[in-house]
Amino acid sequence: MDSEEESVCCREIDRVNAKIEEFNLLTPQAPIDCITIHPGFQTVCLDRYVLETAYLQYRQEHGGVLHSENERMRYVGYRQLARWCWGFLGKEIRVVLPACSKRVIRDNHPSDSGDYTGHHFHN
């Protein structure tokens, strides 16, 4: 369960909302109101092959192996969303992701136990 601080709508996060508005400007005949409906979200954050490739890049740069396939896919899906919306953040810089995007990523790559660690704020 997300904390109150993490339960944020995608429209409330400027960088994410900008992606939605950019899409709506390009396709005014079919506007969207949630980042999870954006075709870029489907490709960047949910596509298995994109996530596998992004994980290989992550592993090459940072080492380590996450345990289950779903755990890897969730982790990389979250990272991909942050990269897509914010660009390069730098080491130990974290942002809160929209609750809707986390739900969709989790639904696509569920935890075996049903437990999720939530956001880790940098101290």
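Quick caveat: nothing in here was measured; it's all calculated off a predicted structure. (Residues numbered from 1 in each chain as written. Predicted model: local features only at pLDDT ≥ 70, side-chain atom pairs only at ≥ 80, totals over all residues. Heavy atoms only, no water.)

(A) Looking closely at the pattern of salt bridges. Enumeration over the complete set of coordinates arrives at three salt bridges. One salt bridge connects E69 with R48, and the closest N-O pair in it is separated by 2.4 Å. Taken as a pair, E69 in helix α4 (residues 69-86) and R48 in helix α3 (residues 48-62) lie far apart in primary sequence, 21 residues in all. Residue classification places E69 among the partly exposed positions, given a relative accessible area of 34%. (Salt bridge = Lys/Arg side-chain N within 4 Å of Asp/Glu carboxyl O. Helix = DSSP H or I, 4+ residues; strand = E, 2+ residues; numbered from the N terminus. Buried < 20%, exposed > 50% of the residue type's maximum accessible area, 1.4 Å probe, protein only.)

(B) The nonpolar core, seen in detail. C10, V16, I35, F41, L81, W84 and W86 are the most contacted members of the largest nonpolar core, which totals 24 residues. Put simply, the parts of the chain that give this core at least two residues each are α1 (14-26), α2 (39-46), α4 and α5 (99-108). The element that contributes the greatest number of residues to this core is α4, accounting for six residues. Ranked by size, the runner-up nonpolar core spans six residues in total, among them L51, Y55, Y58 and V76. (Core = buried A, V, L, I, M, F, W, Y, C linked by side-chain atoms within 4.5 Å.)

(C) Fine view of the side chain of Q80. As for its placement among the helices and strands, Q80 is situated in helix α4. Of the residues examined, Q80 reaches a relative accessible area of 17% and is grouped as buried. Not counting residues up to four positions away in its chain, the partners in contact with Q80 are V44, C45, V50, L51 and A54. (Contact = heavy atoms within 4.5 Å.)

None of the figures reported here should be taken as evidence of function without further support.
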